[in-house]
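The chain contents come next:
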Amino acid sequence: MVSANNELAYNTKIEGDIVVTRADAVINWLRSSSVWPMPMGLACCAIELMGVAAARFDIARFGAEVFRFSPRQADCMIVAGTVTYKMAPHVRRIYDQMAEPKWVIAMGACASSGGMYRSYATLQGVDQIVPVDVYISGCPPRPEALLDALMKLQSKIKKEPSANTLLQSA
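Within each chain, residue numbers correspond to sequence positions counted from 1 in written order. With the structure being a predicted model, the display of local features is reserved for residues of pLDDT at least 70 and the display and counting of side-chain atom pairs for 80 or more, all residues being used for whole-chain, interface and lining totals. As a convention, hydrogens and water are excluded, and side-chain values are obtained from all of the structure's heavy atoms.

- If you check an unreviewed UniProt entry, the protein chain appears there as NADH-quinone oxidoreductase subunit B from Rariglobus hedericola.
- Within the UniProt record for the protein chain, the comment given under Subunit (unreviewed entry) is "NDH-1 is composed of 14 different subunits. Subunits NuoB, C, D, E, F, and G constitute the peripheral sector of the complex." UniProt positions are given in the numbering used here, feature names are shortened, and annotations may be inferred rather than shown by experiment.

Here you go:
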């Protein structure tokens, strides 16, 4: 629209009511803004995991305040602690019960690589049984590290192709 003095003017009747974006961008923004984590607290890292939900660290700022203890209601498994060979099949079974899309955060040295436990009873990293999206180092890692991992996971979610997975599952 051109005004009387030949300057371009903003036409609110047309441009104000239209939002142009990709379906992937909208879906991924929604997914990344409402991650529902399921705590898989297997050892001492679970204490730090509980701390991140408290008021001081407030994981709710990132849209992940809804901790679910049912795999069918969660989309992000946070494996916090030592995974033993006896527990490994159960972790895998719970992961398999989660609906797609699903993500995994390995919290701490033990979940990431077996930590200081190099024994016949300890799995040397949860990535041997489930795909891990984000690793957090530390023994145990601070709650700030988990918040950082959540932000990295959100960045990863925003870059994933999502419209195709919705169409294929329908």
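Having put the structure on the table, let's press on.
1. Observations regarding the overall build of the protein chain
- By the criteria applied, helices consist of DSSP H or I runs no shorter than four residues and strands consist of E runs no shorter than two, each listed in order from the N terminus. Within the protein chain, the regular secondary structure consists of 7 helices and 4 strands.
- Mapped from its N terminus to its C terminus, the protein chain presents α and β elements in the order α-α-β-α-β-α-β-α-β-α-α.
- Whether two residues touch is decided by their heavy atoms; if any such pair falls within 4.5 Å, the residues are in contact. Sequence-distant contacts in the protein chain: of pairs separated by 6 or more residues, those separated by 24 or more amount to 77%.
- Under the convention used here, a 1.4 Å probe and the Shrake-Rupley method define accessible areas, while residue burial counts only the protein chains that appear. For the protein chain, the accessible area works out to roughly 10,100 Å², and carbon and sulfur atoms hold 58% of it.

2. Section: the environment of Glu 100
- Considering the arrangement of structural elements, one finds Glu 100 in the loop between α4 (88-97) and β3 (103-107).
- Buried means the residue's accessible area, taken with a 1.4 Å probe over protein chains only, is under 20% of the maximum for its type, while exposed means over 50%, and partly exposed covers the values in between. With relative accessibility at 63%, the residue Glu 100 sits in the exposed group.
- Sequence spacing of Glu 100 and Ala 74 is 26 residues, and the spatial spacing of their C-alpha atoms is 9.7 Å.

3. Details of the environment of Cys 110
- Within the element layout of this structure, Cys 110 appears in helix α5 (residues 109-113).
- Linking Cys 110 and Val 126, residues 16 residues apart in sequence, is a C-alpha distance of 8.5 Å.
- If we skip the residues at most four places from it in the chain, Cys 110 touches Gly 81, Thr 82, Gly 115, Tyr 117, Leu 123 and Gly 125.

4. Here's the deal with the UniProt feature "binding site: [4Fe-4S] cluster" (unreviewed entry) in the protein chain
- Taking the UniProt record as the reference, the feature "binding site: [4Fe-4S] cluster" (unreviewed entry) is found at Cys 44, Cys 45, Cys 110 and Cys 139. In sequence the annotated residues extend across 96 residues, while in space they remain close, none of their C-alpha pairs exceeding 9.9 Å.
- With respect to the helices and strands, the residue Cys 45 is situated in helix α3 (residues 45-52).
- When sequence neighbours within four positions are dropped, the list of residues in contact with Cys 45 reads Ala 80, Gly 81, Met 107, Gly 108, Pro 140 and Pro 141.

5. Here's the deal with the pattern of salt bridges
- Here, a salt bridge means any Lys or Arg side-chain nitrogen found within 4 Å of an Asp or Glu carboxyl oxygen. All told, the structure shown has 5 salt bridges when counted by the stated rule.
- Put simply, Glu 100 and Lys 102 hold a salt bridge, and the shortest N to O gap is 3.9 Å.
- For Lys 152, the salt bridge identified is with Asp 148, shortest N-O distance 3.2 Å. With Lys 152 and Asp 148 both in helix α6 (residues 143-159) and 4 residues apart, the pair spans about one turn of that helix.
- For Asp 148, a relative accessible area of 32% puts it in the partly exposed group.

6. Structural notes on the packing of helix α2 (residues 23-32) against α6
- Relative to each other, α2 and α6 sit at 160°, their axes nearing to 8 Å. As judged from the angle between their axes, α2 and α6 are roughly antiparallel. Note on packing geometry: the crossing formed by α2 with α6 is right-handed. Across the interface between the two elements, Asn 28, Arg 31 and Ser 32 of α2 pack against Gln 154, Ile 157, Lys 158 and Lys 159 of α6.
- Under the grouping applied here, Gly and all other residues not named as nonpolar or charged are polar, the nonpolar ones being Ala, Val, Leu, Ile, Met, Phe, Trp, Tyr, Cys and Pro and the charged ones Asp, Glu, Lys and Arg. Here the residues of the contact of α2 with α6 sort into 1 nonpolar, 3 polar and 3 charged. Each axis is a line fitted through C-alpha atoms, and for a helix only the stretch in contact is used; angles between axes span 0 to 180 degrees, taken between their N-to-C directions. Any angle that is under 35 degrees is reported as roughly parallel, and any over 145 degrees as roughly antiparallel; angles of 65 to 115 degrees are reported as roughly perpendicular and all others as oblique. Note on convention: near helix rotated counterclockwise from far helix by under a right angle means a left-handed crossing. Clockwise means right-handed.

7. With respect to the packing of aromatic side chains
- Aromatic pairs are defined between Phe, Tyr and Trp rings, using the six-membered ring for Trp, whenever the two ring centres lie within 6.5 Å; interplanar angles under 30 degrees are classed as stacked, those over 60 as edge-to-face, and all others as tilted. Under the definition given, this model contains 0 aromatic pairs.
- Criterion for a charge above a ring: Arg CZ or Lys NZ at most 6 Å from the ring centre, at most 35 degrees from the ring normal. The side chain of Lys 102 reaches across the aromatic face of Tyr 95, ending 4.2 Å from its centre.

8. Details of the nonpolar core
- Throughout this description, the term nonpolar core refers to a set of buried Ala, Val, Leu, Ile, Met, Phe, Trp, Tyr and Cys residues connected via side-chain atoms within 4.5 Å. One finds Leu 49, Val 52, Ile 105, Met 107 and Leu 146 to be the most contacted residues of the largest nonpolar core, which totals 23 residues.
- Mapped by element, the contributors of at least two residues to this core are α3, β2 (76-80), β3, β4 (134-136) and α6.
- Looking at this core, the element that brings in the most residues is α6, giving 6 residues.
- What Leu 146 contacts, discounting residues up to four positions off in sequence, is Leu 49, Val 52, Ile 78, Ile 105, Met 107 and Ile 136.
- Formed by 18 residues, the second largest nonpolar core is a distinct cluster that contains Val 79, Ala 111, Val 126 and Val 130.

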